[in-house]
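Geometric and topological summary
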Amino acid sequence: MPIIFCNIAWMKFYSGRNDKDPPLGGGEFVNSEGYCGEECNFYPCDDGYTYGHFETIKGEIDRQVMIERLGARTTDQFVDGVDIVWTAPIEGRDPRVVVGWWRNARLYRWRQTFNGNFPSPRHRKDEITSFRARARSSEVVLLEPSRRTMKLGRGPGWSGQASWWYADYTTDSKAIEFVAEVKSAINGHPSSSSDASSGQGRNGRNGRAGQAPSEIYERYVREYEIKINPKHDRLQEKFKKFLKKQYPGVKFLTTYRDDLRFYIKGQSMVMVEVKPTDPTTLRFAIRMAIGQLLDYKQHQRWSEKQLIVVETEVTNADDLELALGNGFGLAWPDDNGGFKISWPA
């Protein structure tokens with residue numbers, strides 16, 4: 001996956017304008033005005049996305065990002081599937097460190113504007129009118145200040161005067177090692193990390209900025225995984241009733257740790273993991289189900305189909321691909337009282 005580093009001002013939470021969390025070290029404008037466009041770079045919005053800014057204006061020119069260096073065509077206006085690493089000077093002073101990252105983001109060639117259609121009340125209040133990138137909030141990780149320990153070097157081969165750095169193109173050996181270290185951290189660090197932070201936000205001066213991915217993940221585990229939630233049993237029974245009606249003669253087999261197994265004459269056996277969900281926890285649930293099903297597959301030498309049953313309609317292509325692209329089926333209730341089942345091609 002291509003990677004780009006973007007330098008922004010230092011903040012603890014990046015969740016909106018807050019006198020207790022001012023931007024530090026973001027350049028002449030930030031120092032003189034006391035605010036910046038990246039104040040909401042880790043703020044989860046109502047549409048499920050987080051929108052990000054890094055400065056591209058130099059003098060009177062708003063420069064383009066050469067996204068063809070990240071795999072796009074020269075005619076493309078954006079590129080998908082980019083890892084964006086956000087860096088900032090420690091409390092406004094060098095060295096710069098990694099403060100967080102976005103996985104699988106969309107990066108635009110030119111600055112985009114909301115045109116009055118703000119993604120959150122916080123963006124409207126803080127007059128954040130433009131953005132350069134976006135990512136699903138479930139793919140966003142903000143490191144706590146105490147964990148911002150990966151330091152960038154200076155000089156040829158490292159990030160220069162521009163706010164963005166095509167790090168895969170460096171030829172400096174130390175920079176190459178640094179980039180590899182960051183990639184390793186990203187790949188080994190789920191976006192549901194407990195490092196992700198949330199600060200002041202939409203509910204007033206002392207309100208939360210909306211749930212950070214870690215909070216959503218923790219809520220999901222607390223409500224649905226630590227103990228059996230009644231919604232789990234209801235969803236499982238609803239799915240069994242659907243199977244009985246749709247496939248008369250379906251047989252339900254003995255399970256071992258997994259939630260459900262069934263066999264339809266002439267078809268493969270299916271192992272099922274049931275996950276009650278809501279739109280904010282859907283991706284976390286799919287991830288958790290995949291991990292469990294892989295465990296069952298290895299431990300039980302299972303070679304037949306595996307299916308994840310969720311409570312929320314799966315409309316996002318990324319979420320579908322997460323399951324289907326890894327060989328798992330997905331099912332969710334439809335509007336007719338049944339279930340929509342999708343299998344890998």
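Read on for a plain summary of the structure. (Residues numbered from 1 in each chain as written. Predicted model: local features only at pLDDT ≥ 70, side-chain atom pairs only at ≥ 80, totals over all residues. Heavy atoms only, no water.)

When you line up the elements, T277 lands in the loop between β14 (269-275) and α6 (282-300). A polar contact is formed between the side chain of T277 and the side chain of T312, at a distance of 2.7 Å. Setting aside its immediate chain neighbours within four residues, T277 contacts K231, L282, A285, V310, E311 and T312. (Helix = DSSP H or I, 4+ residues; strand = E, 2+ residues; numbered from the N terminus. Polar contact = N/O pair within 3.5 Å; in protein donor to acceptor, adjacent residues only side chain to side chain. Contact = heavy atoms within 4.5 Å.)

So, about the pairing of strand β15 (residues 305-310). Side chains on a regular strand alternate between the two faces of the sheet. Within β15, 5 of the 6 residues are buried, which leaves the element mostly enclosed by the surrounding structure. Direction of pairing for β14 relative to β15: parallel, over a ladder of 6 bridges. Looking across to β15, one finds that K275 is bridged to V310. What joins β14 to β15 is α6, and the crossover it makes is right-handed. Note: β15 against strand β16 (residues 329-333), 3 bridges, orientation parallel. Across the sheet, the residue bridging to I308 is L330, located in β16. In this region the chain leaves β15, passes through helix α7 (residues 317-324) and returns to the parallel neighbour β16; the handedness of that crossover is right-handed. (Buried < 20%, exposed > 50% of the residue type's maximum accessible area, 1.4 Å probe, protein only. Pairing = 2+ DSSP bridges. Right-handed = clockwise from strand over helix to strand, strands pointing away.)

The next point concerns the state of the cysteines. Enumeration according to the criterion identifies 0 disulfides in this entry. Unpaired in this structure, C45 has its nearest cysteine sulfur neighbour in C40, at a distance of 7.1 Å. The class for C45 is buried, based on a relative accessible area of 7%. (Disulfide = S-S within 2.5 Å.)

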